[in-house]
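Secondary and tertiary structure notes
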2 protein chains.
Amino acid sequence: MADTKQDILDLAEYLIRSRGYHAFSYKDLSTPLKVKNAAIHYHFPAKKDLGVAVIRKNIEVLQDCFANWEGLPAREQLFNFIEIYSLNSRSNLICFMGALGPAYQSLPEEMRAQLTEAGLQIRNWLKWILNKGIEENAFHFNETVEEKADVIITSLLASLILNRVTGDQVLENVVSLIRQTI
Amino acid sequence: MADTKQDILDLAEYLIRSRGYHAFSYKDLSTPLKVKNAAIHYHFPAKKDLGVAVIRKNIEVLQDCFANWEGLPAREQLFNFIEIYSLNSRSNLICFMGALGPAYQSLPEEMRAQLTEAGLQIRNWLKWILNKGIEENAFHFNETVEEKADVIITSLLASLILNRVTGDQVLENVVSLIRQTI
DNA sequence: TGCAATACTTACTAACTAGTAAGTATATTT
DNA sequence: AAATATACTTACTAGTTAGTAAGTATTGCA
């Protein structure tokens, strides 16, 4: 038996991350999955439940990554994190934060709360890994970890967006600069 | 006589930059402006015409800025450019590229073309001003101008997005780092 | 064997969407 | 004064949207 719920969630994530939350409908899910729209409402009563589930899934995947990297040198962990964006770029997907963040003010409250939590978690992990790298004498930058963390997260996030708009070089340039200035 | 067309365009820009292209309707324009939806179709026959007009307006405003700054030292021009983002942040607006870029694949072809053109123009100006600053001995960075330009534009763009999601410090941190590493 | 839970489908709706055709008031030009 | 252009309104539509109530087939369990 096919896991319809998982299929719905995976396709919803793909649609959100390639078109945006407001640019896909239940039909965009039901037609390719060959189910009726009521089947989607059975698993996710409202569209916002689908949105929340997609954000939660992304948070959990990230947390699993962070947990699996535990013990690795800070430099390696940071480069693994950056590699996620390169993989996204190759499959022409932007990250969930880049897809949903711009529409923040038009999102249901539950989605906004999850998005804020996700953003804080990623930022906190980045600050933590930068501090760890400083302690390990692996990173040598003069700015504060808050400044460095915010530049890394923002430039990676927007690179995926601009890659689609102006071409494929943006992420490569950004990754190259981060590697040189860390 | 009120300039309805300009009012429509201004409100459409506000709605796109606070909610996104797919999250506003003709009703969101007609109700506050106290006109009927047909009045909007009179000035902008299709929704995509409104989208194209908003992008074009933003391109022209930017080009006017660049023209007005001509003659100023590169450092001052770059800081003026950064100041635009601080102003946007204070009025809780993201830039048109941050609002429309994530939905790129779901936008009408005419809008995509304008968006790509806008992205290339901004990137080219940034590269040009960075080169100018190097010639003036005002900038001292070791990376390529392409890398530096891409990090500046992406981190500013995404700072406005993350400021809304996680709080108000992101843009300040990013601006501080850019100023230190230029 | 019967009961209940799970995972749907069928069939529907109310609200909203962008968009249009035809009419009207006002200002401008000839 | 008549004709024309501008800037709308009125009144409508076809299609889409998320969402629901009721029915059904299948599975696992007591």
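The structure reproduced in this document is the subject of the present report. Note that the coordinates shown come from a computational prediction; the quantities given were computed from them, not determined experimentally. (Residues numbered from 1 in each chain as written. Chains lettered and ligands numbered in written order. Predicted model: local features only at pLDDT ≥ 70, side-chain atom pairs only at ≥ 80, totals over all residues.)

Of regular secondary structure, chain A possesses 9 helices and 0 strands. Secondary structure of chain A in N-to-C order comes out as α-α-α-α-α-α-α-α-α. C-alpha atoms of chain A, sized along the principal axes, occupy 55 × 35 × 35 Å. Taking all 182 residues of chain A together, the buried fraction comes to 42%. Once local pairs closer than 6 in sequence are excluded, the contacts in chain A between residues at least 24 apart make up 67%. (Helix = DSSP H or I, 4+ residues; strand = E, 2+ residues; numbered from the N terminus. Buried ≥ 20, exposed ≤ 12 C-beta atoms within 10 Å, placed from the backbone. Contact = placed C-beta atoms within 7 Å.)

Across the contact, 41 residues belong to chain A and 41 residues belong to chain B. Looking at the side of chain A that touches chain B, the elements with two or more residues in it are helix H6 (96-100), helix H7 (109-135), helix H8 (145-166) and helix H9 (170-180) of chain A. Of all the elements, H8 of chain A adds the most residues to the side of chain A that touches chain B, at 15 residues.

Here we come to the protein's contact with DNA strand D. Among the 16 residues in the neighbourhood of DNA strand D, the closest are listed as Ser25 of chain A together with Thr4, Lys36, Ala38 and Ala39 of chain B. Every element with two or more residues in the surface near DNA strand D is listed here: helix H2 (26-33) and helix H3 (37-43) of chain A together with helix H1 (4-18) and helix H3 (37-43) of chain B. For the surface near DNA strand D, the residue count by class is 8 nonpolar, 4 polar and 4 charged. (Near = placed C-beta within 6 Å. Nonpolar A, V, L, I, M, F, W, Y, C, P; charged D, E, K, R; others polar.)

The subject of this paragraph is the relation of the copies chain A and chain B. Between chain A and chain B, the superposition needs a rotation of 180° and an axial shift of 0.0 Å, giving an RMSD of 0.0 Å. On the angle and the small slide along the axis, the relation comes out as a two-fold axis. Relative to the rotation axis, the C-alpha of Ser155 of chain A is the closest in chain A, positioned 2.2 Å from it. In this assembly the copies share their binding face: 100% of the residues contributing to the interface of chain A also contribute to that of chain B. (Least-squares fit on C-alpha atoms with pLDDT ≥ 70 in both.)

What follows deals with the environment of Leu9 of chain B. All names here are of chain B. The residue Leu9 is located in helix H1 in this model. Take Leu9: there are 19 C-beta atoms within 10 Å of it, and that puts it in the partly exposed class. Residues Leu9 and Lys47 lie 38 residues apart in sequence; the distance between their C-alpha atoms is 11 Å. Beyond its immediate chain neighbours, meaning those up to four positions away, Leu9 contacts Ala53, Val54 and Lys57.

Let us now look at the protein's contact with DNA strand C. In the neighbourhood of DNA strand C, 16 residues make up the surrounding shell, with Thr4, Lys36, Ala38 and Ala39 of chain A together with Ser25 of chain B lying closest. Of all the secondary structure elements, the ones that give two or more residues to the surface near DNA strand C are helix H1 (4-18) and H3 of chain A together with helix H2 (26-33) and H3 of chain B. The residue makeup of the surface near DNA strand C, split by class, is 8 nonpolar, 4 polar and 4 charged.

Examined against the element boundaries, Ser91 of chain B turns out to sit in the loop between helix H5 (74-90) and helix H6 (96-100). In the structure, Ser91 of chain B is positioned 84 residues away from Val175 of chain B in sequence and 17 Å away in space, judged by C-alpha atoms.

With that out of the way, let us pick up helix H4 (residues 47-69) of chain A. Residue and element names in this part refer to chain A. Here H4 spans 34 Å end to end across 23 residues, near enough to the 33 Å set by a 1.5 Å rise per residue. Residues of H4 that are buried: Leu50, Gly51, Val52, Val54, Ile55 and Asn58. Where H4 is buried, its residues contact H1, H6 and H7. Downstream of H4 by one or two residues, Gly71 has phi in the positive range, about 100°. (Expected span 1.5 Å × (residues − 1).)

Function cannot be inferred from these measures alone, as they are strictly geometric.
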